[in-house]
Amino acid sequence: MLDGIFTGLSTAVMPFNLMMVVVGCFAGTFIGMLPGLGPISAVALMIPITYGIDPSSGIILMAGVYYGAVFGGSTSSILINAPGCASTVVTSFDGYPLAQQGQAGKALALAAYSSFIGGTIGAIALLIAAPALAAVSLSFQSTDYFALMILGLTAVAAFSGKGQVIKAMIMTVFGLMIATVGTDKTSGVPRFTFGSVDLIDGISFLLLAMATFALAEVVMTILNGKHKEKDAQLSMAQLGSMKLSKEEILHVAPTVARSSVFGFIVGVLPGAGATIASFLAYGLERNIASAKEKLKFGKGSLRGLAAPETANNAASTGSFVPLLTLGIPGSGTTAIMLGALIAAGVQPGPRLFVDNPEVFWSVIISMYFGNLVLLILNLPLIPYISKLLTIPRPILTPLILFFSITGVYLVSFNTFDIHMMVMITVVALFLKLLEFPMAPMLLGYILGGMMEINLSRALVISDGSFAFLWERPLTLGIMIAAIFMLCLPPILERLNKRKAVSGPEVAINEGEG
């Protein structure tokens, strides 16, 4: 192992490879900031550049672009509520409210620090435990993945305010229903397409995210008449300090530590990726938060911002474990990298340690350098990036509309997607006015496809019986955790009500005594 680390270090510190890290991080951050162009698009754009250069340099460049894009996606989420990629949707839940409260600088700085720590801990964990983690990820079967999806769906409690659990569950089911539109992945038969060729591929996540967040927010602004406020822009003084106080650092430190480990573990699982890691980390933090702290989630909670930002970067690093050690892509982005590696004559898998040790170890070591580069690049740029908020609303509103619609159109080059986005925006507005949360719908949509595929495989393995839910200890353990998570919020609510009732009674008795 030490020989491999030294081999990787000598490869990673070569001037050309260091330049690839810097170029990758910078390009990824810039592309990630643009709504609609996520890490998959960013890495795909780099493939032609990697032809003709050393495989180690090529994969280092693409890795830099990957976590750079995930990092950059948080900027548009925080500033204009338009997530740059799927894994930064959760960042907007608390990042955007912080920006509206005049704390955009602090929100961007916290996102930068959280991303750096999450990525660094992930890189160190990858360096130490990659071979062992490969064996763990290989032991996961379809039954375990289905149970994991159920656990993810129980996180709906994290996105529901007080007394809104039913609404959150309804929206989750709505998301699951949207995920079934298109071609059935197990049988290849179109369903719920209503005879439309345009719906055969289903409804894209980007379209759904842009319609329910960016476009819905813009239309709500217009309906409220705020788009005409020329003095609505913030001054640099109102953007707030980038510094975090000692109390704030101590407040978010446990969250960052938990989310780093949790995000990395989720990233290791093939097919999970940064998006699911960010949703689950946010849900975990909200579920374990105190009753007072829970009220802040969705309204500008520092813990609510730090958790997904840490988890998605740690998961991005973790997704390289199945890619490099098993040859199984851990996410859509690493699937593109897998193709690029094979095209370069490198076969990822158990033999990569032996056949191409310089590729394996140099990528892992370059990840630490990459996270350092991201921090150095982005922290000085935050005051300038924050100036997006100083753009007058009459100019910013059309810009958000332009980037949202263009981003969706560039994915498919189909005008039907724009029409569909407008229709979903109208439905989202109606639901928002009725105070239905949008996040559970996105969670249901994300997990719906994977849940269906793994359920089909699990039923085939168990001959159509649902006994698979308790036959494997790992599956049973995850299902018990899901039930516990689902039951925890109502139990805590009842305990809080009892405390509230018993409090005055104690005070009265003491007064009588």
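Basis of the calculations
- Residues numbered from 1 in each chain as written.
- Predicted model: local features only at pLDDT ≥ 70, side-chain atom pairs only at ≥ 80, totals over all residues.
- Heavy atoms only, no water.
- Helix = DSSP H or I, 4+ residues; strand = E, 2+ residues; numbered from the N terminus.
- Contact = heavy atoms within 4.5 Å.
- Areas by Shrake-Rupley, 256 points an atom, 1.4 Å probe, with all protein chains shown as cover.
- Core = buried A, V, L, I, M, F, W, Y, C linked by side-chain atoms within 4.5 Å.
- Buried < 20%, exposed > 50% of the residue type's maximum accessible area, 1.4 Å probe, protein only.
- Phe/Tyr/Trp six-rings, centres within 6.5 Å; stacked < 30°, edge-to-face > 60°.
- Lys NZ or Arg CZ within 6 Å of the ring centre and 35° of its normal.
- pLDDT = per-residue confidence, 0-100.
- Salt bridge = Lys/Arg side-chain N within 4 Å of Asp/Glu carboxyl O.
- Expected span 1.5 Å × (residues − 1).
- Patch = residues over 30% accessible without salt bridge, like charges linked within 9 Å, V, L, I, M, F, W, Y side chains within 5 Å.
- Axes fitted to C-alpha atoms, helices over the stretch in contact; angles between N-to-C directions.
- Parallel < 35°, antiparallel > 145°, perpendicular 65-115°, else oblique.
- Left-handed = near helix turned anticlockwise from the far one by under 90°.

- The chain appears in an unreviewed UniProt entry as Putative tricarboxylic transport membrane protein from Neptunomonas antarctica.

## Let's talk about the overall build of the chain
Part 1: Secondary structure summary: the chain contains 23 helices and two strands in total.
Part 2: Within the chain, contacts between residues at least 6 apart in sequence are counted, and of these 79% link residues at least 24 apart.
Part 3: Accessible surface, the chain: about 22000 Å² in total, of which carbon and sulfur atoms supply 70%.

## Comments concerning the nonpolar core
Part 1: If you look at the biggest cluster of nonpolar residues, it comprises 134 residues, and the most contacted ones within it are Met62, Ile78, Phe279, Phe320 and Met337.
Part 2: Counting residues per element, this core draws most heavily on helix α4 (residues 55–80), which supplies 14 residues.
Part 3: Excluding anything up to four places from it in sequence, Ile78 contacts Thr91, Gly95, Tyr96, Ala99, Ala107, Leu108, Ala111 and Leu305.

## Concerning the packing of aromatic side chains
Part 1: Taken as a whole and judged by the stated rule, the model has three aromatic pairs.
Part 2: Look at Tyr282 and Phe297: their rings are 5.5 Å apart centre to centre, the planes differ by 75°, and that puts the pair in the edge-to-face class. Of this pair, Tyr282 sits in helix α11 (residues 273–288) while Phe297 sits in the loop between α12 (291–294) and α13 (302–318), and the two are 15 residues apart along the sequence.
Part 3: These aromatic residues form a ring-pair network of at least three members: Phe93, Phe279, Tyr282 and Phe297.
Part 4: The ring centre of Phe436 lies 5.2 Å from the NZ or CZ of Lys167, which sits over that ring.

## A look at the confidence of the model for the chain
Part 1: Summing up the model confidence of the chain, the mean pLDDT is 76 and the portion of residues at 70 or higher is 80%.
Part 2: Of all secondary-structure elements in the chain, the lowest mean pLDDT belongs to helix α23 (residues 473–512), at 67, while helix α20 (residues 415–433) reaches the highest, 87.
Part 3: Below pLDDT 50 for its whole length, residues 229–237 participates in 17 contacts with residues either more than four positions away or in separate chains.

## A few points about the environment of Met20
Part 1: Here Met20 lies in helix α2 (residues 15–33).
Part 2: By relative accessible area, Met20 is classed as buried at 7%.
Part 3: Separated by 38 residues in the primary sequence, Met20 and Gly58 have C-alpha atoms spaced 8.0 Å apart.
Part 4: Among residues more than four places away in sequence, those in contact with Met20 are Ile53, Ser57, Ile60 and Leu61.

## Here we look at the pattern of salt bridges
A side chain of one charge can pair with a side chain of the opposite charge when the charged atoms of the two come close.
Part 1: Going through the model one piece at a time under the given rule, you end up with five salt bridges.
Part 2: Across the pair Lys106 and Glu248 runs a salt bridge whose closest N-O atoms are separated by 2.8 Å. Placement of Lys106 in helix α6 (residues 104–139) and of Glu248 in helix α10 (residues 246–268) is noted, with a sequence separation of 142 residues between them. You'll find Lys106 and Glu248 in the same group, each marked buried.
Part 3: Between Arg303 and Glu285 there is a salt bridge; the shortest N-O distance is 2.9 Å. Of this pair, Arg303 sits in helix α13 while Glu285 sits in helix α11, and the two are 18 residues apart along the sequence.

## Description of α2
Part 1: With 19 residues, α2 should reach 27 Å at 1.5 Å per residue; the first-to-last C-alpha distance of 27 Å fits that figure.
Part 2: Every buried residue of α2 is accounted for by Asn17, Met20, Val21, Gly24, Cys25, Ala27, Gly28, Thr29, Ile31 and Gly32.

## Side note on helix α5 (residues 91–100)
Side chains three or four residues apart in an α-helix point the same way, a direct result of the helix having 3.6 residues per turn.
Part 1: With nine of ten residues buried, α5 is to be regarded as a mostly interior element.
Part 2: Turning to α5, its buried residues are Thr91, Ser92, Phe93, Asp94, Gly95, Tyr96, Pro97, Leu98 and Ala99.
Part 3: A positive phi of about 85° marks Gly102, the residue just after α5.

## Comments concerning unusual backbone geometry
Part 1: Positive phi is not limited to glycine here, since Phe192 has a value of about 55°.
Part 2: Counting through the fold element by element, Phe192 comes out in the loop between β2 (190–191) and α9 (205–223).
Part 3: Positive phi, close to 55°, is recorded for Phe194, a residue that is not glycine.
Part 4: Inspection of the secondary structure assignment puts Phe194 in the loop between β2 and α9.

## Details of the environment of Ile222
Part 1: Among the structural elements, Ile222 can be located in helix α9.
Part 2: The spatial distance from the C-alpha of Ile222 to the C-alpha of Pro394 is 9.8 Å, given a sequence separation of 172 residues.

## So, a nonpolar patch on the surface
Part 1: On the surface, Phe6, Leu9, Val13 and Leu18 cluster together to form a nonpolar patch covering roughly 340 Å² of accessible area.
Part 2: Mapping Leu18 onto the fold places it in helix α2.

## A few points about the packing of α5 against α13
Part 1: It is at 8 Å that the axes of α5 and α13 come closest, and there the two elements cross at 135°. It follows that α5 is oblique to α13 by the angle criterion. In terms of crossing hand, the pair formed by α5 and α13 is left-handed. Along the contact surface, α5 presents Thr91, Asp94, Gly95 and Leu98, while α13 presents Leu302, Gly304, Leu305, Pro308, Glu309 and Asn312.

## Points about the packing of α10 against α13
Part 1: Running from N to C, α10 and α13 cross one another at 30°; their axes reach a closest spacing of 7 Å. Seen along the crossing, α10 lies across α13 with a hand that is right-handed. Between α10 and α13, the contacting residues are Glu248, His251, Val252, Thr255, Val256, Arg258, Ser259, Ser260, Gly263, Phe264, Gly267 and Val268 on the first element and Leu302, Arg303, Ala306, Ala307, Thr310, Ala311, Ala314, Ala315, Thr317 and Gly318 on the second.

## Some remarks on the side chain of Ser366
Part 1: As for its position among the elements, Ser366 is in helix α17 (residues 357–378).
Part 2: Using a relative accessible area of 0% as the deciding quantity, one classes Ser366 as buried.
Part 3: Beyond its immediate chain neighbours, meaning those up to four positions away, Ser366 contacts Ala12, Val21, Ile60 and Tyr67.

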